[in-house]
Number of protein chains: 2
Amino acid sequence: MYKEKEKTIITSLQNSHIKELTKLNMKKYAKESDVFLVEGKHLVDEAYRNDILVEVLSVDDVDYKDVKITYVSFDIIKKITDTLNPQGIVGIVKKYSNKDYLQTIKKAKTVVLLDGVSDPGNLGTIIRTAAGFDVDLVLLSEDCVDLYNSKVVRATQGAIFNTNIFCYDIKKAINDLKNSDFLVLGTSLYNSLSLKDLDIKDNEKIAFVLGNEANGVKTEVLDLCDKNVRIDISNKIESLNVSVAGAIMMYYLSIKNK
Amino acid sequence: MYKEKEKTIITSLQNSHIKELTKLNMKKYAKESDVFLVEGKHLVDEAYRNDILVEVLSVDDVDYKDVKITYVSFDIIKKITDTLNPQGIVGIVKKYSNKDYLQTIKKAKTVVLLDGVSDPGNLGTIIRTAAGFDVDLVLLSEDCVDLYNSKVVRATQGAIFNTNIFCYDIKKAINDLKNSDFLVLGTSLYNSLSLKDLDIKDNEKIAFVLGNEANGVKTEVLDLCDKNVRIDISNKIESLNVSVAGAIMMYYLSIKNK
């Protein structure tokens, strides 16, 4: 005879566990926490595949082996996420811990540095693209938008779970990269070499810096770079979108620098 | 003696002119109208430079020679735009009229076709990038997101004003392009040639098709293309963002096909 497993469904927004989780939507708590929230089945599945899924809150029956499942009402899902039309599932996911920074640089061949990228969609898209072109490390300056912002996570489409990402002092990072024999490229429309004219040695280790949407890479950061490159554009636009510029650099370097 | 010019400021949301303009935020009216709204000084300036600015609504004093200026309260600006934090200025801008389609194809060298692109940010970014790489024509299938959606306009950063854009039957367009000796490329991860291995003749006329965010280019559209290309990506991601993939194609073709 079929017998349904008993399950408890939390429906009260006053439940202490739910109240704790709701705090993760507040910037202050989110920053200090060692977990973050992801919304929707695709991201929960990807977190599970990457073995960093801690807990699932779900409206419907789900099965993630060895992961704690908490059944909740749809109102609770809506309260916990800031998505307009959430699916009925939220994952609580471990943040990547930042201990292997120098080791990662030593093993890396391609590194992308972001100097003050502020739009969550851009940051997420850059991480997704970096995963696509096997970038070994994405390094965020301390004034970038928060990596665990829900819009960033969504735009990565799961790539946040399998990419090496560090938040670090960008000037120190450039020095560390130079000490590890990287060619460090700034990006700027001025005093720069066209990307297509860049000479690359066989197997050269390359890092490049992308800048803030409105202001580009800071002058004091450009000054630390070995040289600056630009992507030639017509005078019909002032600049490319930063995630677009980054993608072009990553693709171009991936085919030139085998 | 300094004498301030008299000006009338409309403050009533019931004003008939304001009521007409507010309708432009409703999809039904927006589609039928021959004008559209842009928000913020940058876009208003760009529309003016391109000589398609019909009227300006502004909270503060502004000067656009030969353009009708209507002074309004900030509440009216908020009512008319759907921006969260609008600046105090809105432009009413002429839509590009669709008469030179075949003529544009005949003179074109690079054409981008979009098959059901649905995200406004992606469509706007693709148009911005297309302007940057001197694409002669961006052709939208009839199931793309509305070109004059305010998020599309914002993401173009003004490139919507100086780019040839048509909404048209995409299958007919592919035939028209083939009849004008274009090489028409589909984009697909399957049954495709890697972009970097694509042979391009000197001065070849090239059109390529980008697809919907979730489903890619429709099979029946791919079937009409001369060949399919792909951008090689690692297995860490399922696909690139469509505006990223489009940008890589546009840059690559711009440096290969001089």
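On a predicted model such as this, the values are computed, not experimentally measured, just so you know.

Section: the overall build of chain A
Moving on, step 1. Tallying secondary structure elements over chain A gives 10 helices and 12 strands in all.
Moving on, step 2. In terms of overall dimensions, chain A has a C-alpha envelope of 70 × 35 × 30 Å along the principal axes.
Moving on, step 3. Looking at chain A as a whole, 54% of its 258 residues are labelled buried.
Moving on, step 4. Within chain A, counting contacts between residues at least 6 apart in sequence, those at least 24 apart form 77% of the total.
Moving on, step 5. About 13100 Å² of surface is accessible on chain A, with carbon and sulfur atoms providing 46% of the total.
Moving on, step 6. In chain A, which carries 35 positive and 37 negative side-chain charges, the distance between the mean positions of the two groups comes to 1 Å.

Quick word on the sheet that holds strand β10 (residues 193-194) of chain A
Residue and element names in this part refer to chain A.
Moving on, step 1. Across the sheet, 7 strands lie side by side as β8-β7-β6-β11-β9-β12-β10; this open sheet has parallel pairing. Each edge of the sheet is formed by a strand with only one pairing partner; in this case those strands are β8 (165-167) and β10.
Moving on, step 2. Bridge analysis of strand β6 (residues 110-115) against strand β11 (residues 206-211) gives 6 bridges, and the strand direction is parallel. Following the sheet pairing, Val-111 is matched in β11 by Ala-207.
Moving on, step 3. Sitting on the sheet, helix α10 (residues 242-256) is in contact with β6, β9 (183-187), β11 and β12 (227-230), with an inclination near 165° to β11.

Quick look at the relation of the copies chain A and chain B
Moving on, step 1. The two copies are related by a screw motion: chain A maps onto chain B through a turn of 180° and a shift of 0.0 Å along the axis, at an RMSD of 0.0 Å. Look at the turn and shift together and you get a two-fold axis relating the two.

Brief notes about the confidence of the model for chain A
Moving on, step 1. The pLDDT averaged across chain A works out to 92; a share of 96% of its residues lies at or above 70.
Moving on, step 2. Across the interfaces of the predicted complex, the ipTM metric reaches 0.91, alongside a pTM of 0.92.

So, the domain arrangement of chain A
All names here are of chain A.
Moving on, step 1. Here chain A is partitioned into domain 1 (9-94) and domain 2 (101-256).
Moving on, step 2. A separation of 31 Å is found between the C-alpha centroids of domain 1 and domain 2.
Moving on, step 3. Taken together, the contact pairs 12 residues of domain 1 with 10 residues of domain 2.
Moving on, step 4. When domain 1 packs against domain 2, close to 1000 Å² is buried across both sides, 64% of that on carbon and sulfur atoms.
Moving on, step 5. On the domain 1 side of the contact with domain 2, Phe-36, Leu-43 and Asn-50 bury the most area, a combined 44% of that side's loss.
Moving on, step 6. Across the contact surface, domain 1 and domain 2 share 0 salt bridges.
Moving on, step 7. Our enumeration of links across domain 1 and domain 2 arrives at 1 residue pair in polar contact (both at pLDDT 80 or more).
Moving on, step 8. Of all elements in the fold, only β2 (35-39) and α3 (41-49) reach the threshold of two or more residues within the side of domain 1 that touches domain 2.
Moving on, step 9. With 4 residues, the single largest contributor to the side of domain 1 that touches domain 2 is α3.
Moving on, step 10. Classifying every residue of the side of domain 1 that touches domain 2 gives 6 nonpolar, 3 polar and 3 charged.

A few points about the layout of surface pockets
Residues and elements named next belong to chain A.
Moving on, step 1. The space that makes up the second largest pocket amounts to roughly 480 Å³.
Moving on, step 2. In terms of lining, the second largest pocket is formed by 25 residues, of which the most central are Asn-25, Asp-82, Tyr-148, Asn-149 and Ser-150.
Moving on, step 3. Every element with two or more residues in the lining of the second largest pocket is listed here: α2 (27-32), β2 and α7 (150-156).
Moving on, step 4. Of the residues forming the lining of the second largest pocket, the biggest block, 5 residues, is contributed by β2.
Moving on, step 5. Mapped onto the domain boundaries, the lining of the second largest pocket takes at least three residues apiece from domain 1 (9-94) and domain 2 (101-256).

Quick word on empty space enclosed by the protein
Moving on, step 1. Within the structure shown, the criterion is met by 1 cavity of 30 Å³ or more.
Moving on, step 2. Approximately 30 Å³ is the volume attributed to the largest cavity.
Moving on, step 3. Around the largest cavity, the lining residues are Ile248(A), Tyr251(A), Tyr252(A), Ile248(B), Tyr251(B) and Tyr252(B).
Moving on, step 4. Where the lining of the largest cavity is concerned, the elements lending two or more residues are α10 of chain A together with α10 (242-256) of chain B.
Moving on, step 5. Looking at the lining of the largest cavity residue by residue, the class counts come to 6 nonpolar, no polar and no charged.

Parameters and conventions
- Residues numbered from 1 in each chain as written.
- Chains lettered and ligands numbered in written order.
- Predicted model: local features only at pLDDT ≥ 70, side-chain atom pairs only at ≥ 80, totals over all residues.
- Heavy atoms only, no water.
- Helix = DSSP H or I, 4+ residues; strand = E, 2+ residues; numbered from the N terminus.
- Buried < 20%, exposed > 50% of the residue type's maximum accessible area, 1.4 Å probe, protein only.
- Contact = heavy atoms within 4.5 Å.
- Areas by Shrake-Rupley, 256 points an atom, 1.4 Å probe, with all protein chains shown as cover.
- Lys, Arg positive; Asp, Glu negative; His and termini not counted.
- Charge placed at Lys NZ, Arg CZ, Asp CG, Glu CD.
- Pairing = 2+ DSSP bridges.
- Axes fitted to C-alpha atoms, helices over the stretch in contact; angles between N-to-C directions.
- Least-squares fit on C-alpha atoms with pLDDT ≥ 70 in both.
- pLDDT = per-residue confidence, 0-100.
- Domains from an automatic or database assignment.
- Buried area = accessible area lost by both parts, 1.4 Å probe.
- Salt bridge = Lys/Arg side-chain N within 4 Å of Asp/Glu carboxyl O.
- Polar contact = N/O pair within 3.5 Å; in protein donor to acceptor, adjacent residues only side chain to side chain.
- Nonpolar A, V, L, I, M, F, W, Y, C, P; charged D, E, K, R; others polar.
- 1 Å grid on protein atoms, 1.4 Å probe; cavity = no way out; pocket = protein on both sides within 12 Å on 5 of 7 lines; lining within 4 Å.
- Points joined across faces, edges and corners; volume = space filled by probe spheres on them.

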